[in-house]
Amino acid sequence: VAVTPSDVWLNDADGERFLSYLPRPVRELRRPLERSGNDLLQTFRERAGLRILGDPDTLADQLAFLAEHFSNEGFDDHFRPRLLNLYFRTWRQFLAHVEDGTQDPHETVVPVAILVQKQNSRVSVNMFDEEEEPGEIVYICDTERESDAGLLAASGQAFFQLKESEPGRTGELFQEFY
């Protein structure tokens, strides 16, 4: 499948540069990029729109991309746990970036759709759905008690849970965002 450079996200952390479960450039271009230095990568970022995972300036775009990619028909179920780990790690980075005071939470650009849990599955929910009928309520489960998430899952309610976050703070920020 051919992808545009702006659909490619480079893993700047240790390990593989192009994650196997995300769109990658064609092999003829991927191999030189994997071996290249920062100068060539910077040129591709500037001229072709190649993106870097974890870049503070593009975390909202990264969250939107990951939610969309997760929801795409045909995404390999084998890679869902890895993508979810990256997705929630990105949320923690995004919230930390907002918390450090560089952005006003009311003016922060946030992803339109987020991945939520509904019973035993993950679904994408448009948080700005403004149809005449009230949209689905998404609960934020940000307590340390795992039983709370279990109760929400059993009830069939859609909820967002970001583990390893400060209890109560995720809900406060989501209220400001959405």
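Just above, that's the structure.
Residues numbered from 1 in each chain as written. Predicted model: local features only at pLDDT ≥ 70, side-chain atom pairs only at ≥ 80, totals over all residues. Heavy atoms only, no water.

Colleague: Explain the overall build of the protein chain to me, please; I cannot follow it from the model alone.
Modeller: Looking only at helices and strands, the protein chain has 6 helices and 6 strands in total. Listing each helix as α and each strand as β along the protein chain from the N terminus yields β-α-α-β-α-α-β-β-β-α-β-α. A compact globule built from 178 residues would reach a C-alpha radius of gyration of about 16 Å, and the protein chain, at 18 Å, matches this within 12%. In terms of principal-axis extent, the alpha carbons of the protein chain reach across some 50 × 40 × 35 Å. Counting only residues that meet the buried cut, the protein chain has 38% of its 178 residues in that class. Partitioning the intrachain contacts of the protein chain with sequence separation of at least 6 by distance along the chain shows that 55% fall at a separation of at least 24. Accessible surface, the protein chain as shown: approximately 10,800 Å² in total, 45% of it carbon and sulfur. (Helix = DSSP H or I, 4+ residues; strand = E, 2+ residues; numbered from the N terminus. Rg over C-alpha atoms; globule rule 2.2 N^0.38 Å. Buried < 20%, exposed > 50% of the residue type's maximum accessible area, 1.4 Å probe, protein only. Contact = heavy atoms within 4.5 Å. Areas by Shrake-Rupley, 256 points an atom, 1.4 Å probe, with all protein chains shown as cover.)

Colleague: I would appreciate a short explanation of the packing of aromatic side chains in the present structure.
Modeller: Considering all chains together, one arrives at 15 aromatic pairs under this definition. Measuring from centroid to centroid gives 5.3 Å for phenylalanine 128 and tyrosine 178, while their planes differ by 50°, and the two rings are tilted. Of this pair, phenylalanine 128 sits in the loop between β4 (121–126) and β5 (138–140) while tyrosine 178 sits in the segment after α6 (169–177); the two residues are 50 residues apart in sequence, bridging distant segments of the chain. Residue classification places tyrosine 178 among the partly exposed residues on the basis of a relative accessible area of 25%. Through pairs of rings, three or more aromatic residues link up here, namely Tyr87, Phe88, Trp91, Phe94, Phe128, Phe160, Phe174, Phe177 and Tyr178. Above the face of the phenylalanine 70 ring, arginine 80 is positioned so that its terminal group lies 4.6 Å from the ring centre. (Phe/Tyr/Trp six-rings, centres within 6.5 Å; stacked < 30°, edge-to-face > 60°. Lys NZ or Arg CZ within 6 Å of the ring centre and 35° of its normal.)

Colleague: What exactly am I supposed to notice about the sheet that holds strand β3 (residues 113–118) here?
Modeller: Read across the sheet, 4 strands follow the order β4-β3-β6-β5 without closing on themselves; strand pairing throughout is mixed. Since the sheet does not close on itself, it has two edges, and those belong to β4 and β5, each with one partner. When the angles between neighbouring strand axes are averaged without regard to direction, this sheet yields 45°. Sheet analysis places β3 next to β4, joined by 6 bridges and oriented antiparallel. Looking across to β4, one finds that glutamine 117 is bridged to arginine 122. (Pairing = 2+ DSSP bridges. Axes fitted to C-alpha atoms, helices over the stretch in contact; angles between N-to-C directions.)

Colleague: In this structure, what is going on with the side chain of aspartate 55? I would like to understand it.
Modeller: Within the fold, aspartate 55 resides in the loop between β2 (51–52) and α3 (59–71). Classification of aspartate 55 by relative accessible area gives buried; the value is 15%. There is a polar contact of 2.7 Å between the side chain of aspartate 55 and the side chain of arginine 45. Residues in contact with aspartate 55, not counting those within four places in the same chain, are Arg45 and Gln62. (Polar contact = N/O pair within 3.5 Å; in protein donor to acceptor, adjacent residues only side chain to side chain.)

Colleague: Can you walk me through unusual backbone geometry in this structure?
Modeller: Of all residues except glycine, most have a negative phi; of all peptide bonds, most are trans. Phi is positive for glutamine 119, which is not a glycine, with a value near 55°. Overall, glutamine 119 belongs to the partly exposed group, its relative accessible area being 46%. Positive phi, close to 65°, is recorded for glutamate 164, a residue that is not glycine. Its location among the elements puts glutamate 164 in the loop between β6 (158–160) and α6.

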